[in-house]
Structure formats: structure tokens, C-alpha cells
There are 2 protein chains.
Amino acid sequence: MIDVSDAYESLERRFRRLDILKQAEGILHWDQSVFMPSKGASARGAQLAELKVIGHEIITDPEIECLLGEVDPTALDSWQQANVREMRRIWADANAVPADLVVAHSKACTACEAVWREARANNDFASVLPTLEEVLRLTREIGEVKASFLKLSLYDALLEKYAPGMRIDDITLVLNDYADFLPSFLDRVLERQEREHPVLAPMGPFPVDRQRKLMRQLAETVGLDFQSARLDESLHPFSGGIPEDSRITTRYDEDDFADAMMAVLHETGHAMYERGRPAAWRGQPVGHSRGMVIHESQSLLVEMQVCRSQEFIGWAAPMLKASLSGEGPAWESKNLYRRAIHVNPGFIRVDADEITYPAHIILRTRLEQAMLCGDLVLRDLPGAWNDTMQELLGITPSEDRCGCLQDIHWYDGAWGYFPSYTLGAIAAAQIFETAQTANSDILPSIADGNFKPLMDWLLKNIHSLGCLYTADELLEHATGRPLDPTSFKAHLQKRYLC
Amino acid sequence: MIDVSDAYESLERRFRRLDILKQAEGILHWDQSVFMPSKGASARGAQLAELKVIGHEIITDPEIECLLGEVDPTALDSWQQANVREMRRIWADANAVPADLVVAHSKACTACEAVWREARANNDFASVLPTLEEVLRLTREIGEVKASFLKLSLYDALLEKYAPGMRIDDITLVLNDYADFLPSFLDRVLERQEREHPVLAPMGPFPVDRQRKLMRQLAETVGLDFQSARLDESLHPFSGGIPEDSRITTRYDEDDFADAMMAVLHETGHAMYERGRPAAWRGQPVGHSRGMVIHESQSLLVEMQVCRSQEFIGWAAPMLKASLSGEGPAWESKNLYRRAIHVNPGFIRVDADEITYPAHIILRTRLEQAMLCGDLVLRDLPGAWNDTMQELLGITPSEDRCGCLQDIHWYDGAWGYFPSYTLGAIAAAQIFETAQTANSDILPSIADGNFKPLMDWLLKNIHSLGCLYTADELLEHATGRPLDPTSFKAHLQKRYLC
């Protein structure tokens with residue numbers, strides 16, 4: 001029998017250990033992506049797998065369930081209560097699904113991902129169909145087990161991993177609203193864009209060492225302190241590390257500095273969120289960031305809302321020009337701004353602008369629901385993909401590698417992941433609008449290259465709250481209302497049609 | 001009750017996990033020394049401490065003792081039997097000392113190290129005396145507990161951590177033999193050196209990026225493959241990582257490339273040993289390197305025996321000259337060779353040449369034994385240091401920062417560590433002599449920049465044997481006799497007086 005008064009403390013000790021294991025995994029992942037020599041891959045995989053197993057043993061120790069049962073909420077303050085709520089969520093996520101099902105799913109995903117890489121290269125969806133069927137079957141099985149454990153619908157149960165607390169019914173309202181808004185809005189934006197004179201591309205080459213220096217300056221401008229952060233290079237940009245030691249990455253293209261720049265600003269937005277997590281709770285579940293939707297809202301707020309604004313680009317243009325020895329009209333701030341907000345409907349999600357990006361997400365969210373519930377069989381996916389693309393953006397991919405083969409997510413088992421991207425973009429607009437209303441100095445300061453008023457507001461209203469609230473509650477606490485697309489649509493109207 | 005037939009397998013599983021935890025710690029250490037931003041230090045300390053605690057819980061789990069008792073050696077092959085012997089050794093090392101004593105010692109060392117840094121800077125031995133007394137007291141206490149647990153003398157029990165299986169009585173014979181040999185030999189070498197015309201120093205500056213490229217080439221020449229290795233920079237050069245992913249470091253001085261070069265060759269020697277560990281046993285105790293003496297023998301074999309030889313420098317000189325755009329007589333191979341073997345008795349161990357280095361070790365080994373058994377009280381250490389220095393090398397430090405304050409080891413609790421350095425140098429000579437006798441092609445190949453015959457021999461006779469034998473047995477297996485200083489003395493005679 002466990003001493004009731006010690007139950008909470010014992011839980012904190014166990015979750016602190018889990019947290020530190022995750023931190024160690026994080027550095028091993030970072031090293032793997034940034035510096036590890038190629039032949040170290042297999043040993044690194046074994047290291048990461050073993051740390052995961054140790055973590056799994058800790059969270060599935062039957063004593064955790066006892067301790068969660070023993071905890072007396074009336075003896076706890078609000079942060080501790082929220083901490084226990086998050087512990088329960090993490091515990092449920094790890095304990096809902098039998099270990100052999102997790103292993104089978106993980107193996108199927110690893111196998112499918114490898115086949116998918118070939119299939120995409122060969123534009124051959126049929127070749128990946130059998131392994132994808134297996135991933136879907138096991139994903140559905142996991143979803144069903146979790147749904148019954150968590151008393152949620154199948155899709156909500158899968159969503160719980162990425163956007164805890166969010167429900168597909170609410171999400172569908174938001175996404176459908178945008179789907180209704182998009183076609184005529186997009187027509188008007190494209191019409192107007194065509195009437196204007198063409199956007200000019202600054203001419204490179206832009207030497208990587210100069211880009212590196214510039215990107216460091218930009219990250220510092222947003223608020224990153226390189227005594228407790230690093231900026232390195234990797235195939236795919238990402239943000240890792242811990243609040244005291246942020247590790248962000250980008251990649252450099254000698255012909256176009258904008259890719260590296262937008263990646264650095266995006267990842268710095270993620271890092272600033274992590275760095276603002278409540279110091280007293282950092283090793284505990286309640287001290288973590290509030291899921292993918294809020295995380296993406298913070299990166300997109302910096303990248304899309306702020307750093308593609310006229311104010312920011314007006315400030316940045318002379319600095320970019322000087323750092324990269326630019327010359328001519330392409331470097332004028334008006335042109336750089338128009339380049340940053342150029343709209344170009346296309347087949348590829350990761351290349352999409354902020355207006356058409358949600359269409360890519362709506363498509364995927366609709367189709368993955370249909371596949372999970374059996375309304376869409378996998379062999380019909382390519383056709384359904386192309387039909388939905390035509391419906392939403394008026395274009396049809398000529399081949400599957402530009403269609404249903406483009407993203408790793410489904411093949412790698414990440415079902416329920418996609419909505420977070422667009423919900424994050426919508427939340428970013430809602431949060432940024434509120435911040436500006438609360439402090440009218442925020443945007444003028446950005447025009448001076450000063451992010452402090454913005455970051456102070458975000459720290460107080462989002463970052464430092466960790467998981468004290470659910471994502472919905474946090475948005476309501478910060479903006480006065482639940483997530484809805486009005487701010488996002490207003491932002492697009494203002495940026496693209498005013 | 002544990003199933004006897006599974007006992008061995010269960011032990012292997014537990015030690016594999018310990019090994020992987022150590023691998024993860026290794027990368028975190030490497031990152032800390034090479035890339036971590038300064039403000040990440042405290043969080044990194046917490047990560048490393050937690051991984052250590054997890055490892056400690058695994059090795060002190062009472063089930064390990066049961067399993068070690070259950071194992072049936074007659075059912076095991078020779079590698080498995082050696083594996084169990086090493087498991088017992090690691091288990092005894094971790095379980096001999098009560099956890100609270102380990103913690104008290106570790107805290108005292110951390111405190112003393114900080115005071116020592118100040119004391120060394122201020123040349124003030126008295127200020128570190130009280131904290132060093134505490135370190136010595138707890139070190140002695142640990143030594144006594146281990147001595148009774150392992151049935152060894154106090155000093156041998158401490159030695160066990162660094163040079164397992166080696167005994168101070170044997171070591172003393174070797175060191176005293178050298179102490180007798182040194183004075184008249186050194187006189188003759190210095191006399192001869194003075195008669196020759198002065199050594200010329202190649203003039204820099206040597207740009208760091210060119211040195212970096214050169215050091216990579218040299219490491220590759222020895223045998224490092226950069227698809228499974230990295231060479232980076234850190235304050236103190238070291239060798240880390242795993243066989244599939246070696247991580248060596250050096251530091252660059254724009255005025256002198258020799259420091260970086262000798263550090264890289266030394267660390268590559270360490271790395272080659274690790275890379276040659278038996279592949280089938282790498283995750284197990286028996287698959288590890290055979291302690292510090294053998295490890296140091298491999299780095300010193302490469303650095304001292306091979307890379308300060310006329311043969312190697314004859315090959316390297318034109319390459320160094322071309323890589324660093326050198327000009328003039330300083331770059332002639334004869335001059336570079338004389339520079340590499342220049343003898344200069346001094347106060348500082350880490351700057352010592354190969355002839356006088358053992359004197360620094362003999363001094364420390366004698367004094368630490370005297371302090372541990374109480375024959376020398378700490379307040380008399382400075383005087384005893386200076387007297388012994390005078391006796392061995394005929395020089396007396398003018399201040400304690402060049403004397404008993406110079407090394408971190410005692411202040412950081414590493415008592416029993418020093419002998420390994422010189423035993424490694426002596427073993428290197430014995431091993432290299434045997435290798436050349438076995439394959440007369442080894443030295444001529446070095447003169448062509450070809451290390452393969454040497455590395456093949458080392459792989460077969462040292463590296464690939466892991467911990468199948470004890471260090472003494474390994475030396476006897478490889479060279480036909482136990483460790484003795486005859487090869488080392490013969491090497492010095494040949495290099496410095498022929």
C-alpha cells in the first residue's frame with residue numbers, strides 16, 4: 001500500500017525521469033540529423049530504441065496506476081492538479097494499447113516507409129498498396145483500442161496523440177468554413193496578383209557562410225540567445241533541444257536565401273515557445289508545450305503573421321541587401337514583400353502559400369477519415385485525391401508522386417497528424433490579432449526590428465502557461481474565444497485584397 | 001527462483017542495456033565538450049546524472065547477484081566465461097561501496113575541483129588543503145571498503161578502477177627499474193642533444209582550416225574512415241563515441257601545428273582500438289577495451305612509437321610542407337624528426353617528453369601511496385613533491401602551481417589513475433617491438449604512409465580480443481611475456497643514443 005501523501009511526489013519523480021530520458025533522446029536525434037556520420041545510423045537506432053523501452057517500462061509500471069489512484073486532488077494546487085491531469089493523459093496514451101500491437105504497428109510503418117520511398121520515386125502507388133493496407137489495418141486497430149479506452153471516437157482517439165483535447169467535429173466546422181471561403185477568395189487574389197507587375201527574384205549566388213551569419217542575426221532579432229542555442233544544418237529544418245539549450249536547424253540554397261530565412265524564422269518561433277515554458281515546471285508534464293496545434297501556432301505566428309508582414313520586411317530589406325550585397329529593384333522592400341506573399345496554387349503541400357495550404361490539409365483530413373472508417377478503400381485513394389484536389393483548388397495532379405504519394409505521414413503511420421498544421425495557422429492569426437489589440441505597440445515595434453513587446457505578450461499569455469490549460473482553454477484564456485477562422489480570414493483579406 | 005538456463009541470457013540483456021546507456025552518455029559528453037552552448041551546462045549535468053542513476057539501479061538490482069550465482073560456467077564457451085568474469089568485476093565495483101559513500105565522495109570531489117581551480121590560479125595550496133583532506137578521507141574510505149570486498153590492498157583496490165587486474169607490487173618493480181635507469185640515461189641524451197645544432201621551428205601562422213584538412217588526412221592515413229568517424233575541436237583533445245561512430249577531437253594553435261597533429265594521432269590510436277573491438281561482443285563487457293593501460297598503449301604506440309619515428313616523419317614531411325606551404329630548412333624531415341623527439345626536462349607533466357614523462361608518474365605514484373597510507377600528511381605534500389622532483393629530474397619547481405597544484409586528478413578524486421599513463425607507454429614499446437618482429441614489413445610500410453600491416457597485427461593480437469583476457473594475460477598472449485621495461489628502454493636507447 002502506497003502512502004497517500006507521497007503519491008504525488010512519487011509521480012513527479014517518475015515523470016521527471018521520463019522527461020530527462022526524452023531530453024537525452026532529443027540530443028541523440030539532433031546529433032543524428034546534424035552531425036552523425038552515415039555509418040553510425042544503425043547503432044544510433046539501437047540507442048534510441050533502448051531509451052524508448054526504458055521510458056516505456058517506467059510509464060507502464062503498474063505502480064503508476066496505483067499512484068494515480070491514490071493522489072488526493074484536494075491537497076494539490078492548480079498547477080499540480082493540471083500536472084496530474086497530464087500524467088493521466090500520458091499514462092493512458094502509453095497503457096491503452098498492448099505492447100505487441102505497438103511493436104507490430106511500428107514494424108509495419110518502418111517497412112511501409114521504405115517501400116513508399118521507392119514507390120514515390122517510381123510514381124507507382126500500386127507497389128506500396130499492400131504495405132499501406134497493413135499500416136492502415138494496424139492504425140485502425142490501435143485507434144479502436146484507444147477509442148474504447150479513452151471513450152472517444154476512432155478519429156478523435158488518433159487525434160489525441162497530436163492535438164490532445166481537440167475533437168474532429170469542431171475541427172470539421174472550422175475546416176469546412178474555410179473550404180467554403182476559399183474558391184471565390186482565391187479567384188479574387190489571383191486576379192489581383194495577375195494585374196500587378198511581376199515579382200522580381202533577387203539574383204544569387206548567396207554564399208552559405210554569409211547566409212549563416214545573416215540567419216543567426218535574424219534568429220537573435222526574434223529573441224534567440226546563442227549562449228543557450230545553436231543554429232545548424234540538416235536535410236529537413238527542425239527545432240529541438242530544451243529551453244536552456246535550443247537546437248534549431250535550416251538548410252541553405254545558394255540561389256535563394258528565402259528558404260533558409262523562412263525556415264529559421266519558423267523554427268525560432270518553435271524554439272521561443274519552448275524557451276518560455278514555465279521554469280518551475282519544466283521537468284513535469286504540466287511544464288511542457290501544449291501540443292502540436294499551439295506549437296505550430298507559435299512558429300507560424302513568427303513566420304507567417306509577423307515575418308511576411310510589410311512591417312517586418314520593411315525593416316529587414318536593407319539588412320538583407322547589405323548582408324548579401326544585393327543590388328537593384330529586386331531588393332526593394334515592396335518587391336521582397338510581394339515575393340514573400342506570392343500565391344501560386346500547386347500540387348505540393350510543403351510548397352504551398354498560406355492561402356492554399358489549408359486546402360491540402362482539408363483534403364487529407366477528409367480522406368484519412370474516409371479511409372479509417374472504410375468509406376474509401378485504399379485502391380481508390382489516387383482517384384479520390386485527384387477529385388478532391390480539383391474540387392478544392394481546381395487543379396488535378398498528373399501523377400501520384402505529385403498527389404497521394406507526396407507525403408510520408410500515412411505511410412509512416414501518422415494518421416490524425418495533418419489537421420494540426422492548419423489549426424495552428426488559424427490559431428496563429430487569432431492569437432496575433434489579440435496580441436495587437438492588447439498592445440498596439442507590437443506591430444510598430446516589429447517595424448523597428450524589435451520583437452520584445454510581441455514576445456513578452458506571448459510569454460505571458462501562451463508560453464509560460466505550459467499545460468496548465470487544455471489547448472481549447474488556453475486559446476480561450478489568451479484570445480477570449482475558442483478557435484474559429486474569422487481572424488485568419490480577416491488576416492488574409494487584409495494582406496491580399498486591401 | 002530464476003531459471004538457471006536463462007541466467008546467462010538475462011545477464012547479457014541487462015549488461016546490453018547498461019552498455020547502451022553508456023553509449024548515450026558518451027554522445028552527451030561529446031556534445032557537451034564540442035558543441036553545447038555554455039548555458040546548457042546545468043541541464044546537461046542533470047541528464048548525465050539521471051542516466052548514471054538509471055545505470056546504477058540496473059547494476060545494483062539484487063537479481064544480478066542471484067543471476068551471477070546461478071550461471072553455470074560449464075555450459076558456456078570461453079568468450080561467455082570471460083564475459084561473466086567481467087560482469088562480476090563490474091558488479092563488484094558498483095556494489096562494493098554503499099551508495100551514500102559514493103554520493104559523499106562525488107560531492108566532495110566536485111567541491112574540491114572548484115576550489116582547486118582557484119588555488120592553482122592563485123598558487124595557493126593552503127586554500128585547497130581542507131577540501132582535499134576531505135577528498136582523501138573519503139577516497140581512503142572507499143578504498144578500504146573495496147579492499148575488503150575485493151580482498152586486495154587499499155591501493156590495489158583503487159587501482160582496480162583504472163587498471164583492472166594490475167597490482168602495485170608489480171608496477172613498483174617496473175617503475176623503480178625505470179627510476180634507476182633514468183638519471184644517467186637522461187644525462188647522456190641531454191649531452192648529445194646539446195652537441196647538435198639547434199632544432200628549427202617551422203614558422204606559422206598555420207591557418208586553422210588548412211590544419212583541419214591536414215589532420216583529417218593524417219587520421220585517415222592511420223586508418224580512420226570518416227564515414228564512421230568525426231574530428232572536431234574541444235578544449236582538451238579526447239576520443240569518444242563507439243566503433244561505428246568514432247568521435248575524436250583536437251585543438252588548433254595557429255603558431256604550431258605539431259600540437260594538433262600529435263593530439264590527432266594519439267586520439268586516432270585510441271579510436272582504432274575501439275573500432276577493432278570484437279563485433280560479436282560489442283554490447284557486452286567482454287567486448288570492451290581492456291582498461292586504461294592497454295588503451296593508452298594503443299594511443300602511445302601510434303603517437304610515440306610510430307609517428308615520432310624517422311620512418312613516419314620521413315613520409316610525412318613533404319606532405320606537411322605542401323599542406324601548410326612551408327619553406328626552408330625547418331621543413332626538412334631530419335629537422336622535423338629532431339623536433340618531434342626533443343628532450344626538455346620540465347615541471348609540467350603534460351608538456352613532458354617520452355623520456356622524462358615516467359618521472360612525473362613515478363613521483364605521483366609514490367606520493368599518492370604515501371598519502372593514502374598516512375605516511376605523508378597533506379600539508380607536507382608541496383615539500384615532498386619538490387624533493388622527489390629534485391631526486392628524479394634534478395629540478396625543483398619554484399611554485400606549487402608548477403608542482404603539486406598542476407594536475408586535476410587528486411583534487412577530482414582520481415587516485416590510482418596516474419600509473420596507467422606510463423604503464424601504457426611501456427606496454428606500447430613492448431607491443432610495437434613484438435609486432436615488428438612478427439612482421440618485418442610493418443616499419444617499411446610506415447615509411448610509405450601505409451599503416452595497414454601494423455593495424456592488421458594490432459587488430460588480431462590486441463583490438464579484437466576485447467576483454468577475453470586480463471590485461472596481463474593479453475600482454476603475455478600478444479608479446480610472449482608480462483609487462484617489463486626492457487623494450488621501452490631499448491626503444492629509448494635506439495631513438496636517442498644511436
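Residues numbered from 1 in each chain as written. Chains lettered and ligands numbered in written order. Predicted model: local features only at pLDDT ≥ 70, side-chain atom pairs only at ≥ 80, totals over all residues.

A. Representation of the nonpolar core in the model. Grouped together as the largest cluster of nonpolar side chains are 115 residues, with contacts concentrated most on A:Val264, A:Ala427 and A:Ala428. Per element, the largest residue contribution to this core is ten residues, and it comes from helix 16 (residues 419-438) of chain A. Setting aside anything within four residues of it in sequence, one finds A:Ala427 in contact with A:Val293, A:Ile294, A:Ser297, A:Leu475 and A:Leu483. Counting residues in hydrophobic clusters, the runner-up holds 114 residues, among them B:Ala219, B:Cys404, B:Tyr417 and B:Leu423. (Core = buried A, V, L, I, M, F, W, Y, C linked by C-beta atoms within 7 Å. Buried ≥ 20, exposed ≤ 12 C-beta atoms within 10 Å, placed from the backbone. Helix = DSSP H or I, 4+ residues; strand = E, 2+ residues; numbered from the N terminus. Contact = placed C-beta atoms within 7 Å.)

B. How the structure looks around the interface of chain A and chain B. Taken together, the 28 residues of chain A in the interface contact 28 residues of chain B. Looking at the side of chain A that touches chain B, the elements that each hand over two or more residues are helix 1 (4-34), helix 2 (41-60) and strand 1 (229-233) of chain A. For the side of chain A that touches chain B, the per-class residue count stands at 14 nonpolar, seven polar and seven charged. (Nonpolar A, V, L, I, M, F, W, Y, C, P; charged D, E, K, R; others polar.)

C. Representation of the sheet that holds strand 2 (residues 239-242) of chain A. Residue and element names in this part refer to chain A. Pairing is mixed in the open sheet, where three strands are placed in the order 1-3-2. If you trace the sheet from one side to the other, it starts and ends with strand 1 and strand 2, each paired once. Adjacent strand axes in the sheet meet at a mean angle of 20 degrees when their direction is disregarded. Both strand 2 and strand 3 (residues 245-250) contribute to a ladder of four bridges, which runs antiparallel. Bridge pairing in strand 3 links isoleucine 242 to aspartate 245. Along the sheet, helix 10 (residues 257-275) makes contact with strand 1, strand 2 and strand 3, crossing strand 3 at roughly 160 degrees. (Pairing = 2+ DSSP bridges. Axes fitted to C-alpha atoms, helices over the stretch in contact; angles between N-to-C directions.)

D. Main features of the sheet that holds strand 3 (residues 245-250) of chain B. All names here are of chain B. One open sheet holds the three strands; their spatial order is 1-3-2, and the pairing between them is mixed. Either end of the sheet is taken by a strand with one partner, and the two such strands are strand 1 (229-233) and strand 2 (239-242). Each neighbouring strand pair of the sheet contributes to a mean axis angle of 20 degrees, computed without reference to strand direction.

E. Representation of the relation of the copies chain A and chain B. Least-squares fitting of chain A to chain B yields an RMSD of 0.0 Å, with the transformation described by 0.0 Å of translation along the axis and a rotation of 180 degrees. The symmetry that links the two subunits is that of a two-fold axis. (Least-squares fit on C-alpha atoms with pLDDT ≥ 70 in both.)

F. Representation of the environment of B:Thr434 in the model. Residue and element names in this part refer to chain B. Relative to the elements of secondary structure, threonine 434 occurs in helix 16 (residues 419-438). For threonine 434, a count of 18 C-beta atoms within 10 Å gives the class partly exposed. Residues threonine 434 and proline 62, 372 residues apart in the sequence, show an inter-C-alpha distance of 45 Å. For threonine 434, the contacting residues outside a window of four places in its chain are Ala478, Thr479 and Gly480.

G. Highlighting the domain arrangement of chain A. All names here are of chain A. Structurally, chain A comprises domain 1 (1-76) and domain 2 (105-498). A separation of 28 Å is found between the C-alpha centroids of domain 1 and domain 2. Of the residues lining the interface, ten residues belong to domain 1; the matching set on domain 2 comes to twelve residues. (Domains from an automatic or database assignment.)

H. Quick look at unusual backbone geometry. Here the bond from A:Gly204 into A:Pro205 is cis, since omega is 0 degrees, no more than 30 degrees from zero. Along the chain, the position of A:Pro205 falls in the loop between helix 8 (168-195) and helix 9 (208-222). Despite not being glycine, A:Ser325 shows a phi value in the positive range, around 50 degrees. Along the chain, the position of A:Ser325 falls in the loop between helix 12 (310-323) and helix 13 (333-340). Residue A:Ser325 is classed as exposed on the basis of its C-beta count, with 10 C-beta atoms lying within 10 Å. The residue B:Lys151 is not glycine, and still its phi comes out positive at about 55 degrees.

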